[in-house]
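# Working through the structure, step by step
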Amino acid sequence: MEAVDISHETLTALFEEAEPEVAIAAGALCLYRITPLLPWDGKEFPRWELNEAEWSDLRVLQQQIDETVRYLRQGLRMEPTETADQSLEELHEMASEAVLRYTEVDSLDCVEWADWCSTLALDIHQQLDELLDMSDHGIGARFFPAGTEPELTHLQKLELEDQIHILIDLSTNGSQGVRKVIQRAVGGQSRVAEALSRLT
């Protein structure tokens, strides 16, 4: 199997070459992985389960994605709590923006939204790493927009790998690649949840 170049350039090329339904599915999975960061209004957080049968036909998946994102919008907490940690609140706001850009009046085209979610997820993972570093070593967090820092942070690299392999599997393997795609998405969501638990 030919080695895959894990880089922003590879990711950009894959998004440009992807069919619209592939790009939208990949963008939805970027949102899926960062859902632990969504600020919720106190009600039970909705379960977003990735069903292999439903994901086997990307042509009919967009309606489910639309319903899921709009449902998430209904439960978002839009104001910070009185005891909110400012650094974490920024992460909550970034994650919320992925939902709001899809559902609000000035929402993006679905393919544009997916591409934008990809960048946002990478930025979030970079900032998570910086906050974890600050927590572990007591130094100030630094933030760089995705693609402008020469060295990828640990979580950012894992997220980039996930995005690239998900796009490849959705584009080339069809329904046969769905199981691997779902496994990657679930693993990525668990990483975000674990990182958040270390910060709270």
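Just so we're clear, the structure is a prediction, and the values are computed from it rather than from any experiment.

### Topic: the packing of helix H2 (residues 20-34) against helix H3 (residues 62-75)
One can describe the packing of H2 onto H3 by two numbers: an axis separation of 11 Å at closest approach and a directional angle of 30 degrees. It follows from the interaxial angle that H2 and H3 lie roughly parallel. Between H2 and H3 lies a crossing whose hand is left-handed. In contact with Ile24, Ala25, Ala28 and Leu31 of H2, H3 contributes Gln62, Ile65, Val69 and Leu72. For the contact of H2 with H3, the class distribution of residues is seven nonpolar, one polar and no charged.

### Structural notes on the environment of Leu120
In this structure, Leu120 sits in helix H5 (residues 110-137). Using a relative accessible area of 9% as the deciding quantity, one classes Leu120 as buried. When the C-alpha positions of Leu120 and Leu31 are compared, they lie 9.1 Å apart, and in sequence the two are 89 residues distant.

### Overview of the nonpolar core
As a rule of thumb, soluble globular proteins bury nonpolar side chains together. In terms of nonpolar packing, the biggest core is built from 59 residues, with Leu31, Ile124 and Leu128 touching the most fellow members. Broken down by element, this core gets its largest block of residues, 11 residues, from H2. Each residue touching Leu31, except ones within four places of it in the same chain, is listed here: Trp48, Val69, Leu72, Ala98, Val99 and Trp113.

About the thresholds
Residues numbered from 1 in each chain as written. Predicted model: local features only at pLDDT ≥ 70, side-chain atom pairs only at ≥ 80, totals over all residues. Heavy atoms only, no water. Axes fitted to C-alpha atoms, helices over the stretch in contact; angles between N-to-C directions. Helix = DSSP H or I, 4+ residues; strand = E, 2+ residues; numbered from the N terminus. Parallel < 35°, antiparallel > 145°, perpendicular 65-115°, else oblique. Left-handed = near helix turned anticlockwise from the far one by under 90°. Contact = heavy atoms within 4.5 Å. Nonpolar A, V, L, I, M, F, W, Y, C, P; charged D, E, K, R; others polar. Buried < 20%, exposed > 50% of the residue type's maximum accessible area, 1.4 Å probe, protein only. Core = buried A, V, L, I, M, F, W, Y, C linked by side-chain atoms within 4.5 Å.

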